[in-house]
Amino acid sequence: MPVARRGRRLGIDVGSVRVGVALSDPDGLIATPLATVPRDIDGGTDVAAIAALVAEHEAVGLVVGLPRTLAGREGPAAEAARAFVASLEPAVGVPIELSDERLTTVVATRQMRESGRKGRKQRAVVDQVAAVGILQGWLDRHR
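Since we're looking at a predicted model, the values are computed, not measured.

**Observations concerning the nonpolar core**
One finds Leu10, Ile12, Val21, Ile50, Leu62 and Leu88 to be the most contacted residues of the largest nonpolar core, which totals 22 residues. Among the secondary structure elements, those contributing two or more residues to this core are β1 (9-14), β2 (18-24), β3 (31-38), α1 (45-56), β4 (61-66) and α2 (76-92). At five residues, the largest contribution of residues to this core is made by α1. Every residue in contact with leucine 62, bar those within four places of it in the chain, is listed here: Leu10, Ile12, Ile50, Val54, Leu88, Val92, Val94, Pro95, Ile96 and Glu97. In this structure, Ala131, Val132, Trp138 and Leu139 belong to the second largest nonpolar core, which totals nine residues.

**Digging into α1**
For α1, which comprises 12 residues, the first-to-last C-alpha distance of 16 Å matches the rise-based estimate of 16 Å (1.5 Å per residue) to within 8%. Considered for burial, the residues of α1 that qualify are Asp46, Val47, Ile50, Ala51, Leu53 and Val54. Each buried residue of α1 lies within a common arc of 160° when the element is viewed along its axis, so the set occupies one face. Across α1 from its buried face, at more than 90 degrees, point the exposed residues Ala55 and Glu56. Tucked into the core, α1 has its buried residues touching β1, β2, β3, β4 and α2. Remark: glutamate 58 follows α1 within two positions and exhibits a positive phi of approximately 50°.

**Topic: the pairing of β1**
Where burial is concerned, most of β1 is hidden: six out of the six residues are buried. Pairing of β1 with β4, which is carried by four bridges, proceeds in the parallel orientation. Across the sheet, residue arginine 9 finds its bridge partner in β4, namely glycine 61. One ladder, built from five bridges, connects β1 with β2; its direction is antiparallel. Residue aspartate 13 lies in a different strand from β2, and its bridge partner there is glycine 20. Connecting β1 to the next strand, β2, in antiparallel fashion are three residues.

**Re the sheet that holds strand β5 (residues 96-100)**
Taken together, the five strands give an open sheet; going across it, the order is β3-β2-β1-β4-β5, and neighbouring strands pair in mixed fashion. Of all the strands in the sheet, the pair left with one neighbour each is β3 and β5. Averaged over all neighbouring strand pairs, the angle between strand axes comes to 25°, with direction disregarded. The strands that α1 touches are β1, β2, β3 and β4; relative to β3, the one it contacts most, it runs at about 150°. Sheet strands touched by α2: β1, β2, β4 and β5. Its angle to β4, the strand with the most contacts, is close to 165°.

**Some points on the environment of glutamate 74**
With respect to the secondary-structure elements, glutamate 74 resides in the loop between β4 and α2. Look past the residues within four positions of glutamate 74 in its chain and what remains in contact with it is Leu66, Arg68 and Arg82. A polar contact of 2.8 Å, which involves the side chain of glutamate 74, links it to the side chain of arginine 82.

**Points about the pairing of β3**
The pairing of β2 with β3 spans seven bridges and is antiparallel. Residue pairing in the sheet places leucine 23 in a bridge with threonine 32 of β3. From the end of β2 to the start of β3, which pair antiparallel, there are six residues, and glycine 28 there has a positive phi angle of about 70°.

What counts as what
- Residues numbered from 1 in each chain as written.
- Predicted model: local features only at pLDDT ≥ 70, side-chain atom pairs only at ≥ 80, totals over all residues.
- Heavy atoms only, no water.
- Core = buried A, V, L, I, M, F, W, Y, C linked by side-chain atoms within 4.5 Å.
- Buried < 20%, exposed > 50% of the residue type's maximum accessible area, 1.4 Å probe, protein only.
- Helix = DSSP H or I, 4+ residues; strand = E, 2+ residues; numbered from the N terminus.
- Contact = heavy atoms within 4.5 Å.
- Expected span 1.5 Å × (residues − 1).
- Arc of directions from axis to C-beta.
- Pairing = 2+ DSSP bridges.
- Axes fitted to C-alpha atoms, helices over the stretch in contact; angles between N-to-C directions.
- Polar contact = N/O pair within 3.5 Å; in protein donor to acceptor, adjacent residues only side chain to side chain.

Structure follows, in structure tokens:
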């Protein structure tokens, strides 16, 4: 199933503390880390920051990770991701798709540890690496 429209897409990994953001190239081949945005459930500055990234990079769509259990069930983290999408929709003006993100943060953390990054340095970019995993998986499935 080919990517419906050429253009950059943002991948989003919604966490309780941070939101990792990745960016694709215009041809939808490669996802790269872009930013880590502090989570702001009450104030909405996280939504505004992502809307600004959508505008800055002229993104044609967003892919938001939907955390599920290994059994495929949705829990509180999935509810939080769905709520985040609901707050993003009116702010970004581009299509938003949810994509299964089982284990992306686990894999990202392992990759960061293996590359020698630890502690705060690791936490600062693990959300971006998880967002890359979400977006790259989506891009690969839609090529």
